[in-house]
Every structure is written in C-alpha cells, then in structure tokens.
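A look at the structure
The primary structure of each chain is shown beneath.
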Amino acid sequence: MNRVVVLMYHALYADAQGLDAIAAEDRPYAISTRTFAHQLELLRDASIPVLDPAQLETGRTGGSGVILTFDDGHASNAELALPLLAERGMSAAFFVTTGFIGQRPGYCSWEQLRALTRAGMLVGGHGHTHRFLSDLPPPQMHDELRQSHALLRNALHQPVAQMSFPGGRHNAAVLQAGLSCGFQVFHGSEVGMLRPHAPLAGQPLPRIAVRRGMRDAAFLDYALARPGRMLLARGLAQAKTLTKHIIGNERYHQLYAKIKS
C-alpha cells in the first residue's frame, strides 16, 4: 500500500427527513450517517490509516492512507460527522463556503466551525459565495478568495492554509490568486492519488468523490487506489470535463441540477 487517497464528502443525513432537507442537486453526494460510520469501519478493518489533513501543509504527505475531506460546510458536518469521527479518533478537513455560514439554513454557524477546530478538525476555504472561481473576472475572483480567507482567519483565530475549489473549477489564475490570499494547499476534484512523501508542488490535489449508493467494494477499491477502479473513474471524469469545456461550466451545472432535481 503505497499511496494517499483524498476522499471527498459533502452532507450527511440521519433519516429521510434529513435527506429531503438537502437540495435535490446535492443529494447524489449526500450519504447517511449509517453509511458514513460503516465506511469508517471498513477503513479500520482494512488497516487503512486515516491521516491528519494538516500534514499536507508540510509540502509532502507523510505516509500511506486516506485523507477525509468535506465540501460546502453543511451543518451535518458538525452535527453528524464530527461525533462519528471523534469517537474513532479520526480527523478530517472541512472546506466551508463563508457566505453561507450563519446565513443559509442547513449550513454551519461560526460556533459550529469553532467546535470543529476545538475537536482537532481542519477548517478551510471553499469560496465565499460558491461561484465557480475560474468563471469570474479577476477582481471578483480575488474578492471571493480574499473574503473567504480573511473571514475564516479572523473568526477561527488561527492560520487558514487549505481550500477546495467550488465545483472543482480552477485554472492557473485561480491558483495564483489563492496563493496571494494566503492559501497554500489546494484541493480539486480530478481523479487520482498522491504518492507518500512526494512533494505537493502547490498543485490541486486529486480527490475521489464519495456518492450516495457507492458499494463497499467500490469504496475500498478507491481507498486502496486499485488500478482498474481508478482507470474507470478517470475515464468517466475526463468525459465530464470534456462536456464542461464544450458547453461551459454554468450550463453544465444547470443541466446537472435539472437532471438531479
């Protein structure tokens, strides 16, 4: 086992009512608390270490295993995911959309984010309004990143070094702006894995999205970076990327939301 796989989660739900409260377009990425707890046990039973995401800030990964990340800042991250992680002594990174904090129903409050950090979790940026950064004019893109970083740093009273890109969209200008605003580690959504001890070189890190309905065999294949599963996932991801380039990010997102609603 000579790899690091970064897994990407979003919202959790405890029952049917909780699932119904999640936006329809986000439900394919929402998983039940029962499934999440089961996946954590699958990792433990397979002797796959859950690594501290803060190690990424050293510029290298420190060993084989998986890193758990959550995008968007849904309230379930603090209410449901945190207790399941804490009781197993596991850590994760939570990338939050700062404009949603305490403003949008169903998303974390500042106190919930502070509770995450007190529990040893990493809290990072995910833009300010969740707009696709690579689609924005430079001034707006800089403002999204600057606001996100400053709000998190000032409210949490600690350095904020990591972020993930809303919708996974980024380009060279977004990376450069992120660095200038104080971010150091960037999480994308390309399919892939990291090699232990390999330099991260400031490039977007690949992640594997965990979706509702993912079978145990597929989950373990991804966690172990088994070549067949990774190759198939990479091919599907490349087809999606090509479609985005052809029709544009915003139209692709609108079509995706319509199909999933």
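Presented here is an overview of the structure given in this document. (Residues numbered from 1 in each chain as written. Predicted model: local features only at pLDDT ≥ 70, side-chain atom pairs only at ≥ 80, totals over all residues. Heavy atoms only, no water.)

Things to note about helix α2 (residues 33-45)
With 13 residues, α2 ought to run about 18 Å at 1.5 Å a step, and its terminal C-alpha atoms sit 18 Å apart, in line with that. Considered for burial, the residues of α2 that qualify are T33, F36, A37, Q39, L40, L42 and L43. Looking at the buried side of α2, the elements it contacts are β1 (4-9), β2 (12-13), β3 (31-32), β4 (65-72), α3 (76-86) and α7 (216-223). Looking one or two residues past α2, S47 carries a phi angle of roughly 55°, positive in sign. (Helix = DSSP H or I, 4+ residues; strand = E, 2+ residues; numbered from the N terminus. Expected span 1.5 Å × (residues − 1). Buried < 20%, exposed > 50% of the residue type's maximum accessible area, 1.4 Å probe, protein only. Contact = heavy atoms within 4.5 Å.)

Focus: the packing of α2 against α7
For the pair α2 and α7, interaxial distance at closest approach is 11 Å and the crossing angle is 50°. On the basis of their axis angle, the class for α2 and α7 is oblique. The chirality of how α2 crosses α7 is right-handed. Contacts between α2 and α7 pair H38, Q39, L42 and L43 from the former with D216, F219, L220 and A223 from the latter. (Axes fitted to C-alpha atoms, helices over the stretch in contact; angles between N-to-C directions. Parallel < 35°, antiparallel > 145°, perpendicular 65-115°, else oblique. Left-handed = near helix turned anticlockwise from the far one by under 90°.)

Considering the side chain of S32
Tracing the chain through its elements places S32 in strand β3. At 2.9 Å, the side chain of S32 forms a polar contact with the side chain of T35. (Polar contact = N/O pair within 3.5 Å; in protein donor to acceptor, adjacent residues only side chain to side chain.)

Digging into the pairing of strand β6 (residues 122-125)
In the sheet, strand β5 (residues 93-96) pairs with β6 via four bridges, with the strands oriented parallel. Bridging from a neighbouring strand, F95 pairs with G124 of β6. With helix α4 (residues 110-118) bridging β5 and its parallel neighbour β6, the resulting β-α-β unit is right-handed. (Pairing = 2+ DSSP bridges. Right-handed = clockwise from strand over helix to strand, strands pointing away.)

Re the packing of aromatic side chains
Scanning all chains against the criterion turns up six aromatic pairs. Note on Y9 and F36: the rings are 5.1 Å apart at their centroids and 80° apart in plane angle, and the pair reads as edge-to-face. Of the two residues, Y9 is situated in strand β1 and F36 in helix α2; the sequence distance between them amounts to 27 residues. Of the two residues, Y9 and F36, both sit in the buried class. Put simply, the rings of Y9, F36, F70 and F94 pair up and form one aromatic cluster. Lying over the aromatic face of F100, R104 brings its terminal NZ or CZ to 3.8 Å of the ring centre. Sitting over the face of the ring of F132, R169 holds its NZ or CZ atom 4.1 Å from the ring centroid. (Phe/Tyr/Trp six-rings, centres within 6.5 Å; stacked < 30°, edge-to-face > 60°. Lys NZ or Arg CZ within 6 Å of the ring centre and 35° of its normal.)

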